[in-house]
Amino acid sequence: LLQVIQEAPSSYEPYYTVGLVYEEQGDVERAAGFYTLAGLLNPGDAALWVKLADWAEDAAAAAEGVAAGRKKRQEAVFCLGKAISAALKHGDGEEDSLDAEGLFWRRARLMTVDGSGEGRAAVMSFQRLVRRRLDDIGLLRRIAKFAINQGAAAAGADLLERAITGELKRGNPETVKWDVVNMVLELLSIGEPEYERIHNLVRLAAVQMIGPELVLG
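Rules used throughout
Residues numbered from 1 in each chain as written. Predicted model: local features only at pLDDT ≥ 70, side-chain atom pairs only at ≥ 80, totals over all residues. Heavy atoms only, no water. Helix = DSSP H or I, 4+ residues; strand = E, 2+ residues; numbered from the N terminus. Expected span 1.5 Å × (residues − 1). Buried < 20%, exposed > 50% of the residue type's maximum accessible area, 1.4 Å probe, protein only. Contact = heavy atoms within 4.5 Å.

Visitor: Got a minute to help me understand helix α7 (residues 100-111) in this structure?
Guide: Each α-helix winds once per 3.6 residues, and so residues spaced three or four apart point in a common direction. Here α7 spans 17 Å end to end across twelve residues, near enough to the 16 Å set by a 1.5 Å rise per residue. Counting buried residues along α7, nine of its twelve residues qualify, which places the element largely inside the surrounding structure. Restricting attention to buried positions, one finds in α7 the residues Ala 100, Glu 101, Leu 103, Phe 104, Trp 105, Arg 107, Ala 108, Leu 110 and Met 111.

See the structure below:
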């Protein structure tokens, strides 16, 4: 197999096979190394990336020392990001079978373990999910609550506001609900209210969703 790798270094199958051999021998660390190479050459294998994330998370739990545990959690976050990308590229059926939403939540929670100060990054990691599910009010409320609990209400406002303004500026007001606009306004009102942003968002939403002749008139 190593000879095959030397002859065809860009083919993922030999790396995957070597990973299988090491896994069967109980050498998870070496198996993970070869599986990672296989995954990088074949990034669409979502299940493989989830497996690597599982191993990295298990290693983080067993690690001695804060730094070692954090490093393994970062590996798990990386692998989950790859799994999410693969799931979203394979269409709705694949996404549902892999529970892409669950992967988003798992990654976000890993990013905030031990108060690592990654609250904003964790909230913003939902961007692709929000763009795809902007009509799912329940999901957006859960993300907003997560942002508040992480002390990252501003990030939650940024996340939802970007999704809303993107749709409105593309001329798709029918994809935006007032409930979502109100969520952003609530997040912007936490702490020091950002009155200018609140005004601009309300004006943009009103013009696009109600009509300029009614708003400006």
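Visitor: Any chance you could explain the side chain of Glu 161 here in plain terms?
Guide: Within the element layout of this structure, Glu 161 appears in helix α11 (residues 153-169). On the accessibility criterion, Glu 161 (14% relative accessible area) is buried. Not counting chain neighbours up to four residues away, the residues in contact with Glu 161 comprise Val 184, Arg 197 and Leu 201.

Visitor: Is there a simple way to explain the environment of Gly 166 in this structure?
Guide: Mapped onto the fold, Gly 166 is located in helix α11. Here the alpha-carbon distance between Gly 166 and Arg 131, two residues 35 residues apart in the chain, equals 9.2 Å.

Function cannot be read off these values alone, since they describe shape.
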